Amino acid sequence: MERRELNVEIRGNSGKAESRKLRNENKVPAVFYGPRMEKPVLLTVASADIAKVMVGSGNSLLTLRSKGNQSVDGKTALLKDEQFHPLTQKVLHVDLYEVRMDRKIKVDIRVALTGKAKGTADGGIVQQIVRELAVRCLPDQIPDKIEVDVSPLAIGDSIHISDVKLPPGIEVVGTINYTIAAVVMPEEEVVAAPTPAEVAAAAAAVPGAVPAEGAVPAEGAAPAAPGAAAAPGKDAKAPVAGKDAKAPTAKDAKAPAGGKEAGKAAGEVKKK
C-alpha cells in the first residue's frame, strides 16, 4: 500500500468567511477526526499538496506533517471525503480520517474487468453492474483495485460477488450475493410502419403525387383550388353520345319577337 506525506497547518477559526479567505490564498480547509480523538481538529492544506495526493488511488495512506504540533504530526490518515466546486471542479474541502494500522477499516475499492468475454464473439455486450466494492481490511492491505475476469462468460452468463477471488485479508461488507457483470444481447430497434396520415403528408410534399387509397389528408394540408373539378367517383357514369343524346328541337327554340308584336312594343314606348 502506497504511503504519502501531506503537510498541514492548524487553523483556529471556522466559518464561511474564513474558508473563503483560505481559498483565495490557494489553501483548502480540512478537518481531521477519528475514533480515538475527543474532537475534530481544524486544518489547512495547500491546494497544490492536496492535488498531488489525490492523483491515482483515492485510498492512499497519508502521513500528516505539521511543524510545531505534536498532536497531528506523524499521524496516519485516509482521505475520506472531498468537496468540489460544481463549475471549476476545484477542491473546496477535505475530510481526513485517522486510522490505526492494527485495526481493520471499511473502504470502497474500484472494480476493474479484465479479459474478453467469449459471448462478445456472438454479438453479446458486457455490462458492468457494480463499479466499486465495499470491503473491510487493515490499512496496509488496501488494494488499488479488484480485478474480475470476464473471459468465461457466454451470452446470458454473469459473475456474482461470490465468484470473485479477493486478495488475502480482504472481506466484502454485507451478505448479499449481487451481480458484478453480465453478458447480454443488444436490444433490437423496432421500426414502426407509417400511418395513413404520415403517408398523406409525404405525398402532399411531392408535387403531382397521388395519395394512396385510404390515406387521410394531413392536418394543415392546403385545400383544393377554387373551381377544381373533383375526381370522378367509383360509381360515376360518363355521358354517352348518339342514341341517348338529346339535341334541341325547333319547337323548343324561341325566336325574337317581330311584326305585330314589335309595333305594339314601340307604341307603348311612344305613349310613355
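Residues numbered from 1 in each chain as written. Predicted model: local features only at pLDDT ≥ 70, side-chain atom pairs only at ≥ 80, totals over all residues. Heavy atoms only, no water.

Q: Run through the overall build of the chain, naming residues and quoting values.
A: Along its length, the chain carries four helices and 14 strands. Looking at the chain residue by residue over its 272 residues, the buried ones come to 25%. Entry remark: accessible area of the chain is about 19,400 Å², with carbon and sulfur atoms responsible for 54%. (Helix = DSSP H or I, 4+ residues; strand = E, 2+ residues; numbered from the N terminus. Buried < 20%, exposed > 50% of the residue type's maximum accessible area, 1.4 Å probe, protein only. Areas by Shrake-Rupley, 256 points an atom, 1.4 Å probe, with all protein chains shown as cover.)

Q: Provide a residue-level description of the sheet that holds strand 7 (residues 91-98), including the pertinent values.
A: Ordered by their spatial adjacency, seven strands build an open sheet running 1-5-6-7-3-4-2, and the pairing between neighbours is mixed. Lying at the two open borders of the sheet, with one neighbouring strand each, are strand 1 (3-7) and strand 2 (9-10). Across four bridges, strand 3 (residues 27-33) lies against strand 7 in parallel orientation. Its bridge partner being in strand 7, Y33 is matched across the sheet by Y97. (Pairing = 2+ DSSP bridges.)

Q: Hey, could you go over the nonpolar core for me, with residue numbers and the actual values?
A: L78, V107, L133, V135, I142 and I180 are the most contacted members of the largest nonpolar core, which has 24 residues in total. Looking at this core, the elements with two or more residues in it are strand 8 (105-114), strand 10 (132-137), strand 11 (145-149) and strand 14 (179-184). A per-element tally of this core places strand 8 first, with four residues. Discounting chain neighbours no more than four positions away, the residues touching V135 are I105, K106, V107, I109, I146, I170, E171, V172 and V173. (Core = buried A, V, L, I, M, F, W, Y, C linked by side-chain atoms within 4.5 Å. Contact = heavy atoms within 4.5 Å.)

Q: I'd like a rundown of the sheet that holds strand 9 (residues 125-128), residues and numbers included.
A: Spatially, the three strands line up as an open sheet ordered 9-14-12, and their pairing is antiparallel. Because the sheet does not close on itself, it has two edges, and the strands there are strand 9 and strand 12 (158-160). Each neighbouring strand pair of the sheet contributes to a mean axis angle of 10 degrees, computed without reference to strand direction. Pairing analysis gives four bridges linking strand 9 to strand 14, with the strands arranged antiparallel. Residue pairing across strands places Q128 opposite A181, the latter belonging to strand 14. (Axes fitted to C-alpha atoms, helices over the stretch in contact; angles between N-to-C directions.)

Q: Could you give an account of a positive patch on the surface, naming the residues involved and the relevant values?
A: Together, K80, K104, K106 and R136 make up a region of like positive charge exposed at the surface. For K104, a relative accessible area of 44% translates into the label partly exposed. (Patch = residues over 30% accessible without salt bridge, like charges linked within 9 Å, V, L, I, M, F, W, Y side chains within 5 Å. Salt bridge = Lys/Arg side-chain N within 4 Å of Asp/Glu carboxyl O. Lys, Arg positive; Asp, Glu negative; His and termini not counted. Charge placed at Lys NZ, Arg CZ, Asp CG, Glu CD.)

Q: Can you tell me about the side chain of T44, naming the residues and giving the values?
A: Along the polypeptide, T44 turns up in strand 4 (residues 41-46). Apart from the residues within four sequence positions on either side, T44 is in contact with N7, V8, E9, R11, L22, K27 and V28.

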